[in-house]
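Residues per chain are reported as follows:
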Amino acid sequence: MQHILWSLALVVGVVCGPALAQAPAAGDAASAPAAAVAPAPATAAPAAGGIQSQNIFEVKPDASADPKYLEQTNGERAKVQPGNNAPMWRQVGQGVTGTSSLPKSQAPEAGNLIQPFVQYPGSRVTNAGEAWRQVRNQWIIPYGGSLLLIVAGAIALFYWGKGAITLHGAETGRKIERFTPFERSAHWANAIAFVALAVSGIVMAFGKFFLLPIMGATLFGWLAYALKNIHNFAGPLFAVSLVIVFFTFLKDNLPRREDITWIAKGGGMLSGQEVPSHRFNAGEKIVFWAGVLGLGVIVVASGLVLDKLIPGLIYERGTMQIAHMVHAVATVVMMMMFMGHIYMGTIGMQGAYKAMKTGYVDDTWAREHHELWYDDIEAGKIPRQRSAVDGPVEAAAAAGKPVQV
C-alpha cells in the first residue's frame, strides 16, 4: 500500500509541477505592470536561437552571390568553391577542345571528350555520339533485321509454293562450258568471302538478341571476338575478288535490248514460261550492276574506312560513325539482293549449282534458261569450250559430243 501511495504522489508531481512553476504568485501578479502581462504582438520577432523557416531556393552559397559567378573559369571557381568543376564540364559538354601532347595529325580529337551537336538522319539534335547510337539502335538494327527476315521468309514461301525450277525436257548429254576454271575461282573466292562477312556481320549486329541468351556471355564473347577478326581479314579478300569478278563478267553483263522484254515479263518466274536471254539474263545483270558494282563500291569503301586502311585519311569519331552507318545500310541491302541470287544458284534452279561447281551445263539447260545464248553457240558465234582442252570432258564438249560430267 505504501508503494502505491508513493507512485501516485510521483505522478501528481510530474503533471502539476511545471504548471505550478510557471504560474506567478498572487502578490507578484498584482504588482506587475499591465504591459508586462499583455500578450506579445503577432509580428514580434522570434527569440534568438529559435527554429526559423526559410525558402531553400533562396539559400545560396556566398560565392554564388558574385554577379559574374556563371562566367568564372575553372581556376576562379576552384578558389571560392574547391572541388566545383562545373565550368570545365560545361565546356566539355559544349565540345570545347582542350590541350593534348599528342600530335594533331595522329589524334585530332585527343583533347575533346564530347563531340559537338549534330542531327543524323533518324536522330534527334544531340551530340554526335548519342546521335549515332540512336540511328543504330532505333533504325539500322530493328529495321535491318526485319528486312532480312522478310526476304528469307519470302524466299521460303516461294520455294514452298513453286519449288525448284526444273527442266522440261530430257538432258541430251552434250555439254557446254558455261564457266571457265578462272571464272569459277574468282566467283568462289568472292562468294566465300561474302558468306564469311555476312555471317560474322549478322552475329556482331544481331547476335546478342538471339545467340547471347542461349550461349551465355562468355562463349558469345569469344565467338564475337573470333568473327570480328574473320570479318576484318575477309573484307580485303572480298574487295580484291569483287574487282576481279567485275572485270571478268563485265562483257556478258552489258545491257541489251532483249533485257527489256525479260524485265517486262518478270523473267517468267510467275508464269512458269522462260523468257529468252543471253548468257546472263536481266535479273543477273541487275545483281551485277546494282549489287556487285553499286553496293560493292559503297560497302568496300566504307569498310576500308572502318579498318583504317585508307592512307592519308584523318580518322575522327564523326568519320567512323558516318562510315559505320553507310556500311551497315549498304550491307543489309546487299545481303537482301544476294540472298535471292544464292537461292537461284543453289536450290532454286536445277543444274545452276552444278554449273558453278563443274563449269558445264547440258544443252537442254542452256536452251531452256538462256535460249539466245544457246542459239549463238549453235550458230558458232560462241565456242562450246572456251578454256584449254586438256581432258576427255573438255574434248567431248568442244566436239559437241555427249559426255557425262
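Small disclaimer: the values here were computed from a predicted structure and weren't measured.

Rules behind the numbers
- Residues numbered from 1 in each chain as written.
- Predicted model: local features only at pLDDT ≥ 70, side-chain atom pairs only at ≥ 80, totals over all residues.
- Heavy atoms only, no water.
- Helix = DSSP H or I, 4+ residues; strand = E, 2+ residues; numbered from the N terminus.
- Buried < 20%, exposed > 50% of the residue type's maximum accessible area, 1.4 Å probe, protein only.
- Contact = heavy atoms within 4.5 Å.
- pLDDT = per-residue confidence, 0-100.
- Axes fitted to C-alpha atoms, helices over the stretch in contact; angles between N-to-C directions.
- Parallel < 35°, antiparallel > 145°, perpendicular 65-115°, else oblique.
- Nonpolar A, V, L, I, M, F, W, Y, C, P; charged D, E, K, R; others polar.
- Phe/Tyr/Trp six-rings, centres within 6.5 Å; stacked < 30°, edge-to-face > 60°.
- Lys NZ or Arg CZ within 6 Å of the ring centre and 35° of its normal.
- Core = buried A, V, L, I, M, F, W, Y, C linked by side-chain atoms within 4.5 Å.
- Left-handed = near helix turned anticlockwise from the far one by under 90°.
- Patch = residues over 30% accessible without salt bridge, like charges linked within 9 Å, V, L, I, M, F, W, Y side chains within 5 Å.
- Areas by Shrake-Rupley, 256 points an atom, 1.4 Å probe, with all protein chains shown as cover.
- Salt bridge = Lys/Arg side-chain N within 4 Å of Asp/Glu carboxyl O.
- 1 Å grid on protein atoms, 1.4 Å probe; cavity = no way out; pocket = protein on both sides within 12 Å on 5 of 7 lines; lining within 4 Å.
- Points joined across faces, edges and corners; volume = space filled by probe spheres on them.

**Quick notes on the overall build of the chain**
Helices and strands together make up the secondary structure of the chain, namely 16 helices and four strands. Within the chain, the proportion of its 405 residues that are buried is 31%. In the chain, the proportion of contacts linking residues at least 24 apart, taken out of those at least 6 apart, comes to 65%.

**A few points about the confidence of the model for the chain**
Low pLDDT means the predicted atomic positions in that stretch should not be read closely. Of all residues in the chain, 79% attain a pLDDT of 70 or more, and the chain-wide mean is 85. Long-range and interchain partners of residues 18-38, a stretch whose pLDDT sits below 50, account for three contacts in this model, where long-range means more than four residues apart.

**Notes on the packing of helix α6 (residues 128-162) against helix α12 (residues 317-345)**
It is the contact of α6 with α12, at a shortest axis distance of 10 Å, that shows an interaxial angle of 0°. Of the possible angle classes, the one that applies to α6 and α12 is roughly parallel. Taken together, the residues that form the contact of α6 with α12 break down as 19 nonpolar, five polar and one charged.

**What about the packing of aromatic side chains?**
Under the counting rule described, the total for this entry stands at 13 aromatic pairs. For the ring pair Tyr 159 and Tyr 343, a centre distance of 6.2 Å and an interplane angle of 85° mean the geometry is edge-to-face. With Tyr 159 in helix α6 and Tyr 343 in helix α12, this pair connects stretches of sequence that are 184 residues apart. Under the relative-accessibility criterion, Tyr 159 is labelled partly exposed at 39%. Joined through ring pairs, the aromatic side chains of Phe 246, Phe 247, Phe 288 and Trp 289 make up one cluster. Directly above the aromatic system of Trp 373 lies the positively charged group of Arg 178, at a separation of 5.0 Å from the ring centroid.

**What about unusual backbone geometry?**
One can expect most non-glycine residues to show negative phi and most peptide bonds to be in trans. Positive phi outside glycine occurs at Lys 308, with the angle close to 60°. The topology assignment puts Lys 308 in the loop between α11 (282-306) and α12.

**Thoughts on the nonpolar core**
By size, the foremost hydrophobic cluster in this structure holds 40 residues, and its most contacted members are Ile 176, Phe 194, Phe 238, Met 334 and Val 361. Listed by contribution, the elements that provide at least two residues to this core are α6, α7 (181-210), α9 (217-248), α11, α12, α13 (352-358), α14 (363-369) and α15 (371-378). Sequence-distant contacts of Val 361, that is, excluding residues within four places in its chain, are made with Arg 174, Lys 175, Ile 176, Arg 178, Ala 355, Ala 366 and Trp 373. The next biggest cluster of nonpolar side chains, apart from the first, holds seven residues, and it includes Ala 128, Val 135, Ile 140 and Met 325.

**So, the packing of α9 against α11**
When two helices pack together, their arrangement is captured by the angle between the axes and the distance separating the axes. Interhelical geometry of α9 versus α11 gives an angle of 150° and a closest axis separation of 11 Å. With respect to α11, the element α9 is oriented roughly antiparallel. Of the two possible hands of crossing, α9 and α11 adopt the one that is left-handed. Counted together, Phe 238, Ala 239, Leu 242, Val 245 and Phe 246 of α9 and Phe 288, Trp 289, Val 292, Leu 293, Gly 296 and Val 300 of α11 form the full contact between these two elements. Grouping the constituent residues of the contact of α9 with α11 by class yields 10 nonpolar, one polar and no charged.

**Focus on a nonpolar patch on the surface**
A surface patch of nonpolar side chains, amounting to about 390 Å² of accessible area, comprises Met 88, Trp 89, Leu 113 and Ile 114. Along the chain, Leu 113 turns up in the loop between α5 (86-93) and β1 (117-118). Given a relative accessible area of 56%, Leu 113 falls into the exposed group.

**Concerning the layout of surface pockets**
Approximately 1400 Å³ is the volume attributed to the largest pocket. Lining the largest pocket are 46 residues, and of these Glu 284, Gly 340, His 341, Met 344 and Gly 345 sit closest to its centre. Elements that contribute at least two residues to the lining of the largest pocket include exactly α6, α7, α10 (258-264), α11, α12, α13 and α14. As a volume, the second largest pocket reaches approximately 950 Å³. Elements with a minimum of two residues in the lining of the second largest pocket: α6, α7, α9, α11 and α12. Tallying contributions element by element places α12 first for the lining of the second largest pocket, with 10 residues. A class-by-class count of the residues in the lining of the second largest pocket yields 22 nonpolar, nine polar and four charged.

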